[in-house]
Structures are given as C-alpha cells and as structure tokens.
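Fold and geometry: a report
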Amino acid sequence: MAREKELFQRLGITKTRRIAACIAEGIYILIFLIAAVWKKSIQVEGLLNTGVVIMAISLNYMACIKNQNGELEFSEILKYYPVDGTNVYKMIRGIIVKFTLVHWCVSLIMVYVLGKTEQILYTTVVVLLTGFFTNLGYWIGYGRAVKEERGRDASFSTSIVVCFMFAYPVLIFGIAACRALL
Amino acid sequence: MSENTLDGACVEKGLKVEDFQFAYTSVFGDEKFAVKNINFQMKPGYIYGLVGRNGAGKTTLIESLIKGEYMKGHVSLNGVSMEDSSLQVKENLGIISYPAKLLQKESLQANGEFLGAIYANWNQQEYEKKLKEFGLEKKQMVKNLSKGEIMKAQMAFIWGYKPQIIIADEPTSGLDPKFRKIFIQTLQEYVEDGEHSVLFSTHITEDLDQVADYLMVLHEGKILCNGSLEELRDYYNEDNFSVSWLLRKLT
C-alpha cells in the first residue's frame, strides 16, 4: 500500500487538504446554525439540500464507474502502471462518499431538529452556501483525483447541477435583497 | 541469454509467456476466448513483430498482458512472475497504444510528474527533453493532441524510465512519413544495447520488413507462426517473401 499512499499524496489528497475540507464543512454548519438561531427556523430546503447531495453522490459514482466517451478513467489507466489502482480508486471514492454522507446527515438533522418554515431568503442563502461549500470541499479535499475521475458526461451533468445550485438561488436572493432594500 | 542470481540460480532474461489465455465473459457467464494457448519469448536485444488480420486478438493480447489480467497462463520477466509480483514486472514494461494511457485532462509535463514518478527510475528531464525532440510542448494537454502526437508523447514517456520491454500497438499509425522513419529508428536504437526488446504490433507490414528480427502471426486468437524472419525466409524460400506475403499465405 505504500506506493498507493504515495500516489494518493501526489494527487493532492493530502492530510492538509482533508482537514481543509472538514473546515469548509464546519463553516457551512456554522452559517447554517447562525441562520437557524437568528431566525429560529430552518427551511424545508433541507429536502432540496438532500436532493442536491444525493445527486452529487450519484454524479461521483457515475464518473468513477463509467465513462461514455471512450476516455480512459483514472482507475483504468492505473492498471497499466506498477501501482494497485483499485486501492487508490477505493480510497478516493471512500472519502467522497464519507464527506457527502456526513454533509447529508448533518443537513437532515438540522432541518428536522430546528423546524421548518417558508422563508425564501434563507432557502436561497443555505442552498447557495451548500453548493459553494460542497464544491469547495471537493476541490480542496480531492484535488486532481476528483478532476480526473469525472468523465466528460459527469462534468456536463455537474455543470448543470452547479448552475442550478448557484444561478437559481442567486436570482432569488437578488430579488429578495432588492425587495428588502427598496 | 541468462544471468546468475545471488544464490547461483540461472535466470532467463527477457519476457516469457506460457499458455496464455484471455476470454471475454458475457452477461450470461459464457466465456468467449479472445486469445488461447499463446506461447512466446522475448529476449533482450531484439524487435518482435506481431501481425494478424483485424480481430485476430493482437490488441487484446497486448492489453491483457500489460495489465496482468488473464484467465490462465504464466507470464514472467527475468524469472519474476506476473502472478506473484505484478508490480515488479510492470515496472519494466512500457506501452505505446491508442488511446493513450495518460491523464487526458493534464499536461504532458504533469503526466510525467504524476504517472511517470510512479516508476522507481523515472527521469523527468529525459522525458521533457524527448518531448522537445519530438516537437511537443510540455504544457500541451493530452486531450488536445492528435493521434500521431499521442504516439510521440508515449514514446517520450517511455524514455523517462526506459523499461526493459516496450509493447507497441500500432505505434506508427497516425505518424507522418518523416516521423515514422524517426520512430522506427528510435526503436532500433532502443534495442541496440542488447538490454531491451520491443514487441511491435502493426498492420504496416513494411515497417516490420525493415526492423523485425522475429515474427509472430496471430489468427483467431492463436499463434500460427513464431520464428525469426531469417528462418522464415529460408523456410519458405520465396523470392517475394515479406511479412505481408506471409500473412496472406497463412491467413
């Protein structure tokens, strides 16, 4: 396993990056808590958040398992090299799954513990931050490994998800902010 | 050619493939053999040609051999078996094929730094020097390279760690005539020191007429003929003898 760990490190999945990803997740939770305590409620958006996270997990599995365009996946390439690619791939997938599941569980718990109301502004803020920190976590935490695992199809699908997560909330947030200010 | 190990045992140098078999398995569990009963040896200092019709199993043989994924048989390099120490064997194998076994969304330089560095004796400077010699920029992304450029990049990659065995699957496909000549010359230089060997699979049989020392003809997953070009030439005693002629005759 020594050579796999070395490759893992070289791909950017270092301890520092994983800590950074956890910190990003922590900041997300903190903002979520502040919003909840301040307004004493949490959006039903938790379901939306959950849906996004499930989609993120699915996309990562899609990217890891299948590449529709004939491009060699990262784990497939490693079979030609003197390194146990299966182990490296499992390490990457394991971290992505754990990170996403923790994020999902925390979100769900907070939604149901803190209650639900219809407040568009906080829906927007939380969804925006969810998307931002989830992706930040991925890119900080998994570096090039994740970039290589994503096949062209998955990247395209991810782009749609990211647009949905950012563009729509930004639009709603913008409208709400304008209304609040005017 | 053999060498003595520390305990005095005699180890045959080179690649040895015995009773090699690879089959595709359908969703119903049926096995369809792509290659069967493959036996050959590659001694250092020679270029081995591999020819066959489309669908003969050349690429399947090469890919399953390099990956160490086969159903039955025994593969060893310098006495070290693939079944026991696949990583040690792969350390001395290099492949040139399409698609490239490189990270598509990284630059050529980054591929050296990530994948090349897996090899114990990787030399990034040699690799980048060869890239430049072949007219490639180290900052170019692999996914933006043409087929010919990919072959050049892989050849340069091999120069970074100089494996004992190069296995090349249609390496001159996509190369312009000028570079094809350089490429063939490079392969010849590679084996000149008597320490390296090349397995050269191609449909361009004229290339093999020029450089191959030995020839294997694969047909429907089995080796029909395996021997030195010189012996085959003498055996068939044909004025128009060539690899192409032999392939037409046997298949």
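Worth saying up front: this structure is predicted, and the values here are computed from it rather than measured.

Points about the overall build of chain B
Each helix and strand counted, chain B has nine helices and 12 strands in total. Classification of the 251 residues of chain B by burial places 40% in the buried group. For chain B, the proportion of contacts with a sequence separation of at least 24, taken over those separated by at least 6, is 68%.

Observations concerning the overall build of chain A
The helix and strand tally for chain A stands at seven helices and two strands. Starting at the N terminus, the α and β elements of chain A follow one another as α-α-β-α-α-α-β-α-α. Here chain A holds 182 residues, and 32% of them are scored as buried. In chain A, the share of contacts with a sequence separation of at least 24, taken over all contacts with a separation of at least 6, comes to 94%.

Notes on helix H6 (residues 177-192) of chain B
Residues and elements named next belong to chain B. The terminal C-alpha atoms of H6, which comprises 16 residues, lie 23 Å apart, in line with the 22 Å expected from a rise of 1.5 Å per residue. Among all positions of H6, only Phe183, Ile184, Thr186, Leu187 and Tyr190 are buried. In a view along the axis of H6, the buried residues occupy a sector of 155°, so they form one face of it. H6 presents Pro177, Lys178, Gln185, Glu189 and Glu192 as exposed residues on the side facing more than 90 degrees away from its buried surface. Next to the buried residues of H6 lie strand E5 (47-52), helix H5 (147-159), strand E9 (165-169), strand E10 (197-201) and helix H7 (205-211). Looking one or two residues past H6, Gly194 carries a phi angle of roughly 80°, positive in sign.

Regarding helix H1 (residues 58-67) of chain B
Counting buried positions over the 10 residues of H1(B) gives seven, a clear majority of the element. Count one or two residues on from H1(B) and you reach B:Gly68, which has phi positive near 75°.

Section: unusual backbone geometry
Trans peptide bonds make up the majority, and among non-glycine residues the majority have a negative phi. All names here are of chain B. With omega at 0°, the peptide bond leading from Tyr98 into Pro99 counts as cis. Position of Pro99 among the secondary structure elements: in the loop between strand E8 (93-96) and helix H3 (108-114). Here Lys162, not a glycine, exhibits a phi torsion of approximately 45°, which is positive. Of note, Lys162 is situated in the loop between H5 and E9. Residue Lys162 is classed as partly exposed on the basis of its C-beta count, with 18 C-beta atoms lying within 10 Å.

Quick look at the sheet that holds E8(B)
All names here are of chain B. If you walk across this open sheet you meet the six strands as E8-E9-E10-E5-E11-E12, and the pairing is mixed. Two strands close off the open sheet at either side, each with one partner strand: E8 and strand E12 (222-228). Averaged over all neighbouring strand pairs, the angle between strand axes comes to 15°, with direction disregarded. Strand direction decides the pairing type here: E9 and E10, joined by five bridges, are parallel. Bridge assignment links Asp169 to a residue of E10, and that residue is Ser201. Strands E5, E9 and E10 of the sheet are contacted by H6, whose axis makes an angle of about 150° with E10. Packing of helix H9 (residues 243-250) onto the sheet brings it into contact with E5, strand E11 (214-219) and E12, and relative to E11 it is tilted by some 30°.

With respect to the confidence of the model for chain A
Per-residue confidence for chain A gives a mean pLDDT of 54, with 5% of residues at or over 70. In the predicted structure, residues 149-161 of chain A sits below a pLDDT of 50 and forms 26 contacts with residues beyond four places in sequence or in another chain.

Notes on the pairing of E12(B)
All names here are of chain B. Of the strand pairs in this sheet, E11 and E12 are connected by six bridges, and their pairing is antiparallel. Bridge pairing links Leu218 to Ile223 in E12. Between E11 and E12, which follow one another and run antiparallel, lie two residues, and Glu220 among them has a positive phi close to 50°.

Focus: the packing of helix H4 (residues 124-133) of chain B against H5(B)
Residue and element names in this part refer to chain B. Relative orientation of the contacting elements H4 and H5 amounts to 150°, with a least axis distance of 7 Å. Considered as vectors, H4 and H5 are oriented roughly antiparallel to each other. Between H4 and H5 lies a crossing of right-handed hand. Between H4 and H5, the contacting residues are Glu126, Tyr127, Lys130 and Leu131 on the first element and Ala153, Ala156, Phe157 and Trp159 on the second. In the contact of H4 with H5, the residues fall into six nonpolar, no polar and two charged.

Re the pairing of strand E6 (residues 72-77) of chain B
All names here are of chain B. Pairing of E6 with strand E7 (residues 80-81) involves two bridges; the strand directions are antiparallel. When the sheet's bridge partners are listed, Ser76 is paired in E7 with Ser81. Between E6 and E7, which follow one another and run antiparallel, lie two residues, and Asn78 among them has a positive phi close to 55°.

A short note on the nonpolar core
The tendency in soluble globular proteins is for nonpolar side chains to be buried side by side. All names here are of chain B. Tyr48, Ala153, Ile167, Val198, Phe200 and Leu215 are the most contacted members of the largest nonpolar core, which totals 70 residues. The element best represented in this core is H5, accounting for eight residues. Non-local contacts of Ala153, meaning those with residues more than four positions away in its chain, are made with Ala100, Leu102, Leu108, Leu131, Leu136, Val142 and Leu145.

Structural notes on the environment of B:His196
For B:His196, the position within the fold is in the loop between H6 and E10. When the C-alpha positions of B:His196 and B:Tyr46 are compared, they lie 7.4 Å apart, and in sequence the two are 150 residues distant.

Quick notes on the confidence of the model for chain B
When pLDDT drops low, the exact placement of atoms in the prediction is not to be read closely. Of all residues in chain B, 93% attain a pLDDT of 70 or more, and the chain-wide mean is 87. Counted against residues more than four places away or in other chains, residues 1-8 of chain B, with its pLDDT under 50, gives 12 contacts.

Brief notes about the environment of B:Ser107
All names here are of chain B. In this structure, Ser107 sits in the loop between E8 and H3. Overall, the presence of 16 C-beta atoms within 10 Å leaves Ser107 in the partly exposed class. Apart from the residues within four sequence positions on either side, Ser107 is in contact with Lys138, Lys139, Gln140 and Met141.

Definitions and cut-offs
- Residues numbered from 1 in each chain as written.
- Chains lettered and ligands numbered in written order.
- Predicted model: local features only at pLDDT ≥ 70, side-chain atom pairs only at ≥ 80, totals over all residues.
- Helix = DSSP H or I, 4+ residues; strand = E, 2+ residues; numbered from the N terminus.
- Buried ≥ 20, exposed ≤ 12 C-beta atoms within 10 Å, placed from the backbone.
- Contact = placed C-beta atoms within 7 Å.
- Expected span 1.5 Å × (residues − 1).
- Arc of directions from axis to C-beta.
- Pairing = 2+ DSSP bridges.
- Axes fitted to C-alpha atoms, helices over the stretch in contact; angles between N-to-C directions.
- pLDDT = per-residue confidence, 0-100.
- Parallel < 35°, antiparallel > 145°, perpendicular 65-115°, else oblique.
- Left-handed = near helix turned anticlockwise from the far one by under 90°.
- Nonpolar A, V, L, I, M, F, W, Y, C, P; charged D, E, K, R; others polar.
- Core = buried A, V, L, I, M, F, W, Y, C linked by C-beta atoms within 7 Å.

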